[in-house]
Amino acid sequence: MEKFKVDFYKKEDGTKPVGQFIRSLDIKMKAKVVANMHLLEEYGNMAREPLSKDLGDGIFELRTIEGNDIVRVLYFFDKERIIIATNGFVKKQQKTPRSEIELAKDRRTDYHRRKEAGTYE
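Every value quoted in this text rests on a predicted model; they were computed, and no experiment measured them.

Novice: Describe the overall build of the chain, and please don't skip the residues or the numbers.
Specialist: Summing up its helical and strand segments, the chain has 3 helices and 5 strands in all. Helices and strands in the chain line up, N terminus first, as β-α-α-β-β-β-β-α. In summary, the chain has a C-alpha radius of gyration of 14 Å against a globular reference of 14 Å for 121 residues, a match within 12%. The buried share of the chain, reckoned over its 121 residues, is 43%. Pairs at least 24 residues apart make up 51% of the contacts formed inside the chain by residues separated by at least 6 positions. If you sum the accessible surface of the chain, you get close to 7,300 Å²; carbon and sulfur atoms cover 51% of it.

Pasting the structure below:
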């Protein structure tokens, strides 16, 4: 079976928020998040808990735990087996913050708008 490919959402100025977020993590957590992204590429839309959770409305979270630290990377699926990682955060509370889910949706909308206009690189 062909693998999926994880891409990081790119803002209009060229920055990739998920890349910046991952680089900000300590070395162990960074390694675990990257390993989980490789698993996500392997399993794609077949990924289930504890690796991935459907948050509704086409937004999913990649779940990583290292010791007492919990990191989430939100993503959505584009066509042709592409996964777009939109944002990441260190989880401090039980529920995923609504603001993070809304940010993922906003970035998904922006991604599709720019892709259709031919301005998404």
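Novice: So what about the sheet that holds strand E2 (residues 52-56)? Which residues, and what values?
Specialist: Pairing is mixed across the open sheet formed by 5 strands, whose spatial order is E1-E5-E4-E3-E2. In the strand order of this sheet, the two ends are held by strand E1 (5-8) and E2, each with one partner. Neighbour to neighbour, the strand axes of the sheet diverge by 35° on average, direction disregarded. Bridging between E2 and strand E3 (residues 59-66) involves 4 bridges; their strand directions are antiparallel. Its bridge partner lying in E3, Lys53 is registered against Glu61.

Novice: Report on unusual backbone geometry, specifying residues and quantitative values.
Specialist: Residue Pro50 is reached from Glu49 by a cis peptide bond, and omega for that bond is 10°. Looking at where Pro50 falls in the secondary structure, it is placed in the loop between helix H2 (27-43) and E2. Of note, the phi angle at Glu80 is positive, near 55°, even though the residue is not glycine. Within the secondary structure, Glu80 sits in the loop between strand E4 (69-78) and strand E5 (82-90). Classification of Glu80 by relative accessible area gives exposed; the value is 63%.

Novice: Break down the side chain of Thr64 for me, citing the residues and quoting the values.
Specialist: Along the chain, Thr64 falls in strand E3. Of note is the side chain of Thr64, whose polar atom sits 2.9 Å from the side chain of Asn36. What Thr64 contacts, discounting residues up to four positions off in sequence, is Met29, Lys32, Val33, Asn36, Asp69, Ile70, Val71 and Arg72.

Novice: Give a detailed account of helix H3 (residues 98-117), specifying residues and quantitative values.
Specialist: The first and last C-alpha atoms of H3 sit 29 Å apart over 20 residues, in line with the 28 Å expected at 1.5 Å per residue. Here H3 has its buried residues at Glu100, Ile101, Ala104, Lys105, Arg107, Arg108, Asp110, Tyr111 and Arg114. Tucked inside the fold, the buried residues of H3 contact helix H1 (17-24), E2, E3, E4 and E5. Looking one or two residues past H3, Gly118 carries a phi angle of roughly 80°, positive in sign.

Reading guide: rules and limits
Residues numbered from 1 in each chain as written. Predicted model: local features only at pLDDT ≥ 70, side-chain atom pairs only at ≥ 80, totals over all residues. Heavy atoms only, no water. Helix = DSSP H or I, 4+ residues; strand = E, 2+ residues; numbered from the N terminus. Rg over C-alpha atoms; globule rule 2.2 N^0.38 Å. Buried < 20%, exposed > 50% of the residue type's maximum accessible area, 1.4 Å probe, protein only. Contact = heavy atoms within 4.5 Å. Areas by Shrake-Rupley, 256 points an atom, 1.4 Å probe, with all protein chains shown as cover. Pairing = 2+ DSSP bridges. Axes fitted to C-alpha atoms, helices over the stretch in contact; angles between N-to-C directions. Polar contact = N/O pair within 3.5 Å; in protein donor to acceptor, adjacent residues only side chain to side chain. Expected span 1.5 Å × (residues − 1).

Scope: geometric values only; no functional claims are made or implied.
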